[in-house]
Amino acid sequence: MKTTIFTIAFTAAVLLSGCTVQQAKSSVATSMPKNDGVEEIFKQLKSEKNVTYINLPKSFIKMGLKSSNDKTASALADQIDALQILAFENTDKKAKDNLYKRIGGLEVKGYEPMVKTNEDGEKVRILVKSNEKEIQSIVIFAMDKEDCSLIRIDGHINPSDLDAIVDSQTK
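Residues numbered from 1 in each chain as written. Predicted model: local features only at pLDDT ≥ 70, side-chain atom pairs only at ≥ 80, totals over all residues. Heavy atoms only, no water.

What follows concerns the overall build of the protein chain. Secondary structure summary: the protein chain contains six helices and six strands in total. Written out in order from the N terminus, the α and β elements of the protein chain read α-α-β-α-α-β-α-β-β-β-β-α. Considering only contacts within the protein chain whose residues lie at least 6 apart along the sequence, 62% involve residues at least 24 apart. Carbon together with sulfur atoms contributes 52% to the accessible area of the protein chain, which is approximately 9,900 Å² in total. (Helix = DSSP H or I, 4+ residues; strand = E, 2+ residues; numbered from the N terminus. Contact = heavy atoms within 4.5 Å. Areas by Shrake-Rupley, 256 points an atom, 1.4 Å probe, with all protein chains shown as cover.)

What follows covers the environment of D92. Following the sequence through the fold, D92 ends up in the loop between strand 2 (80-89) and helix 5 (93-104). Each C-alpha atom of the pair D92 and E146 lies 8.6 Å from the other, and the pair is 54 residues apart in sequence. Side-chain polar atoms of D92 contact the backbone nitrogen of A95, separated by 2.7 Å. (Polar contact = N/O pair within 3.5 Å; in protein donor to acceptor, adjacent residues only side chain to side chain.)

Turning next to the pairing of strand 2. Strand direction decides the pairing type here: strand 1 (residues 51-57) and strand 2, joined by seven bridges, are antiparallel. Bridging across to strand 2, N55 finds its partner in Q84. As paired elements, strand 2 and strand 6 (residues 147-157) share nine bridges and run antiparallel to each other. Paired with Q84 across the two strands is R152, which belongs to strand 6. (Pairing = 2+ DSSP bridges.)

Of all hydrophobic cores here, the largest spans 18 residues; its most connected members are L86, F88, L99, I103, V139, F141 and L150. Of all the secondary-structure elements, those providing two or more residues to this core are helix 2 (38-45), strand 2, helix 5, strand 5 (135-143) and strand 6. Among the elements that take part in this core, helix 2 stands out by supplying four residues, more than any other. Those residues in contact with L86 that lie beyond four places of it in its chain are I41, F42, L45, K46, V51, T52, Y53, C148, S149 and L150. The next biggest cluster of nonpolar side chains, apart from the first, holds 16 residues, and it includes I126, V128, I138 and I153. (Core = buried A, V, L, I, M, F, W, Y, C linked by side-chain atoms within 4.5 Å. Buried < 20%, exposed > 50% of the residue type's maximum accessible area, 1.4 Å probe, protein only.)

What follows is about the sheet that holds strand 2. One open sheet accounts for six strands, arranged 1-2-6-5-4-3; its pairing is antiparallel. Looking along the sheet, the strands with just one partner apiece sit at the ends: strand 1 and strand 3 (112-119). Between one strand axis and the next, the sheet turns by 5° as a mean value, whatever way the strands run. Lying over the sheet, helix 2 contacts strand 1, strand 2, strand 5 and strand 6, oriented at roughly 50° with respect to strand 2. (Axes fitted to C-alpha atoms, helices over the stretch in contact; angles between N-to-C directions.)

Side-chain pairing between opposite charges can occur once the charged atoms of the two side chains come close. This structure, assessed with the given rule, holds seven salt bridges. Of the charged contacts in the structure, one is a salt bridge between R102 and E40, with a shortest N-O distance of 3.8 Å. Of the two residues, R102 is situated in helix 5 and E40 in helix 2; the sequence distance between them amounts to 62 residues. (Salt bridge = Lys/Arg side-chain N within 4 Å of Asp/Glu carboxyl O.)

Moving on: unusual backbone geometry. Phi is mostly negative for residues that are not glycine, and the peptide bonds are mostly trans. In the Ramachandran plot, N90 falls in the positive-phi region, its phi being about 55° despite a non-glycine side chain. With respect to the element layout, N90 can be found in the loop between strand 2 and helix 5. Judged by relative accessible area, which is 65%, N90 ranks as exposed. Its identity is not glycine, yet D120 carries a phi of approximately 50°, on the positive side. Structurally, the position occupied by D120 is in the loop between strand 3 and strand 4 (122-130).

Set out below in structure tokens:
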């Protein structure tokens, strides 16, 4: 399941490089609201039973990506500000379905759906918040019969750098 999630995430990045997202005219078009729906989900669920919460700060992400000795990953290291993960184990179907609906509700909060799959009982959603120049947030939600995960990547990510990673991993 983890391989599928990351493969889909990289595929979404390729799709993003060819897309231009139109943003409503606003005086705060370049600033991201801190609580855009995803933050609320993380705050509410990170302390729940059978939930593992991981919050990787920029310094840790940068150290890990730069140590890979990959130019593309090193370029990406400077663009990612934070990575958060919620991993749910032994969660009942009702709770997972409720979370899936909440993830779907992010579209009204400025997230654009890039990937939505439902195959063999596994559901995956990838949503992106971006402007014409950069990806500001990627949300990946994956759910199967046993467990589910929610991943959020925040930063100022150049879509072409994600393309280069996809290209290097698919050759």
